[in-house]
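Each chain, letter by letter, is given below.
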Amino acid sequence: MGAQFGQYWQLTKPRVVALIVFTAFVGMFMAVPGLPPLRQSVFGFIGIWLAAASAAAINHLIDQRIDKVMVRTADRPLATGALRPAQVLAFAVFLGALSMAILVALVNPLTALLTFASLIGYAIVYTGFLKRATPQNIVIGGIAGAAPPLLGWAAVTGMRNEWDWAHALLLVLIIFVWTPPHFWALAIFRREDYARALVPMLPVTHGVEYTRWQILLYTVLLLVVTVLPWAVGMSGLFYLGGALVLGLVFLWHAWRLMDPPDDFYPMRVFNYSVVYLMALFAFLLVDHWLLPFLQPSPVFELQQVG
Ligand code: HEM
Ligand SMILES: CC(C)=CCC/C(C)=C/CC/C(C)=C/COP(=O)(O)OP(=O)(O)O
């Protein structure tokens, strides 16, 4: 029983999904001054979590043949036969249905719709089609993985106006641009896995050198887009400082990757990418709370003038 639970837990890609829901959580806080409304944020969080977990389980189902061939994924529940496809399908449908019920009944229909689109985007469009079709798979598919800040924002505001959309999409853009360096670093290290499984990932189709250049270009772009929250007045100097330091370290890694000290270096870049995104969103969150304290209020300024 305990062992079975472990297998089902593994289907939900718990570590990836933890970072995904963290970005949704930050989206909720960025959407409003102070604390977001309790019901929408708690059930929004649970609903987005369940949807992402469902999408991850469907990814296991559709990818079972690929996962069996790749060293990195050969121990997954379907690849080893620990779970049967029917069990995985039932689990994924259960999580997905529960997610939709919670989002529709306790959050709002727009969040349910956007979350459902992300679920289909990752589980079906990316896994079932793009992944097997083009080396731009993860760039396009990255839209689904990047959506959670928008989902969080929608959960607590229902998207009131263009201002909401523009600011939420800016956070989506950051994760969208982050995804290629995140994934291609790992793909360089695991390129033999992908070649054996006939998955057209960039290092397999265009070579390692070309992929390193792409990583460097996206990392430069990432540094630029992470300045935007400060430039549009969404975040303050505390965030900007954090984003610049984190981004320059990422750039230094991407630069060293052009002529790496050893074969394992791409995995160090990959591991850093995870720490980077976690820290960047933590900076957004803390800055959002600090901002009112750091910026003198108009009353305070008046008192000073007086
Ligand atoms: C299409 C987009 C993406 C692709 C192709 C991708 C690919 C991958 C792959 C292949 C791994 C290794 C997983 C493993 O060995 O179990 C991984 C790990 C990870 N990914 Fe992504 N990823 C994407 C988007 C994201 C997003 C949007 C997030 C979070 C916001 C994320 C967070 C993580 C984390 C936290 C890990 C580390 C898991 C661990 O330490 O075990 N990824 N990713
Ligand atoms: C509803 C919602 C927010 C959905 C988000 C979906 C989600 C779980 C995105 C994670 C992205 C990810 C781990 C891609 C790797 O898939 P892969 O098949 O390339 O990697 P693998 O070989 O490790 O399975």
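Look up a bit, the structure's there.
Read on for a plain summary of the structure. All figures in this text were calculated on a predicted structure; none of them were measured in a lab.

**Quick notes on the site of ligand 1**
Right, on to step 1. Around ligand 1 sit 20 residues in total, of which R15, R72, G145, T179 and H182 are the nearest.
Right, on to step 2. Within the side chain of R15, a nitrogen or oxygen atom sits 2.8 Å from an oxygen atom of ligand 1.
Right, on to step 3. Within the side chain of R72, an N or O atom sits 3.1 Å from an oxygen atom of ligand 1.
Right, on to step 4. Take the shell around ligand 1: its biggest share by element is 6 residues, from helix α10 (residues 162–189).
Right, on to step 5. Classifying every residue of the shell around ligand 1 by side-chain character gives 12 nonpolar, 5 polar and 3 charged.

**What about the packing of aromatic side chains?**
Right, on to step 1. What the rule picks out here adds up to 15 aromatic pairs.
Right, on to step 2. Between F25 and F45 the ring centres are 6.1 Å apart and the planes differ by 80°, which places this aromatic pair in the edge-to-face class. One end of the pair, F25, is in helix α2 (residues 14–31); the other, F45, is in helix α3 (residues 38–62), and 20 residues separate them in sequence.
Right, on to step 3. Its relative accessible area of 28% is what places F25 among the partly exposed residues.
Right, on to step 4. Judged by its relative accessible area of 23%, F45 is partly exposed.

**What about the packing of helix α1 (residues 2–11) against helix α6 (residues 85–107)?**
Right, on to step 1. Look at α1 against α6: their axes get within 11 Å of each other, and the N-to-C directions meet at 65°. Considering how the two elements wind past one another, α1 and α6 form a crossing that is right-handed. Along the contact surface, α1 presents Q4, Y8 and L11, while α6 presents Q87, V88 and F91.

**Describing the nonpolar core**
Right, on to step 1. W153, F183, W184, Y194, L222, Y276 and L280 are the most contacted members of the largest nonpolar core, which has 76 residues in total.
Right, on to step 2. Apart from residues lying up to four places away in sequence, Y276 is in contact with W178, L222, T226, L246, G247 and F250.

**Considerations on the pattern of salt bridges**
Between side chains of opposite charge, a pair can form when the charged atoms approach closely.
Right, on to step 1. For the structure on display, the rule yields 6 salt bridges.
Right, on to step 2. The partner of D63 in a salt bridge is K131, and the shortest N-O contact between them spans 2.6 Å. Here the residue D63 occupies a position in the loop between α3 and α4 (64–69), and K131 occupies one in helix α7 (residues 109–133), the gap between them amounting to 68 residues. Take D63 and K131: they sit in the same class, and that class is buried.
Right, on to step 3. When salt bridges that share partners are traced, they join D63, K131 and R132 into one network.

**Quick look at unusual backbone geometry**
Right, on to step 1. Positive phi, normally seen in glycine, also occurs at K13, with a value near 45°.
Right, on to step 2. For K13, the location among the structural elements is in the loop between α1 and α2.
Right, on to step 3. For K13, a relative accessible area of 17% corresponds to the buried category.
Right, on to step 4. With a phi close to 55°, M159 is a non-glycine residue in the positive phi region.
Right, on to step 5. As for its position among the elements, M159 is in the loop between α9 (148–157) and α10.
Right, on to step 6. The buried category is assigned to M159, whose relative accessible area is 9%.

Conventions used here
- Residues numbered from 1 in each chain as written.
- Chains lettered and ligands numbered in written order.
- Predicted model: local features only at pLDDT ≥ 70, side-chain atom pairs only at ≥ 80, totals over all residues.
- Heavy atoms only, no water.
- Near = heavy atom within 4 Å.
- Polar contact = N/O pair within 3.5 Å; in protein donor to acceptor, adjacent residues only side chain to side chain.
- Helix = DSSP H or I, 4+ residues; strand = E, 2+ residues; numbered from the N terminus.
- Nonpolar A, V, L, I, M, F, W, Y, C, P; charged D, E, K, R; others polar.
- Phe/Tyr/Trp six-rings, centres within 6.5 Å; stacked < 30°, edge-to-face > 60°.
- Buried < 20%, exposed > 50% of the residue type's maximum accessible area, 1.4 Å probe, protein only.
- Axes fitted to C-alpha atoms, helices over the stretch in contact; angles between N-to-C directions.
- Left-handed = near helix turned anticlockwise from the far one by under 90°.
- Contact = heavy atoms within 4.5 Å.
- Core = buried A, V, L, I, M, F, W, Y, C linked by side-chain atoms within 4.5 Å.
- Salt bridge = Lys/Arg side-chain N within 4 Å of Asp/Glu carboxyl O.

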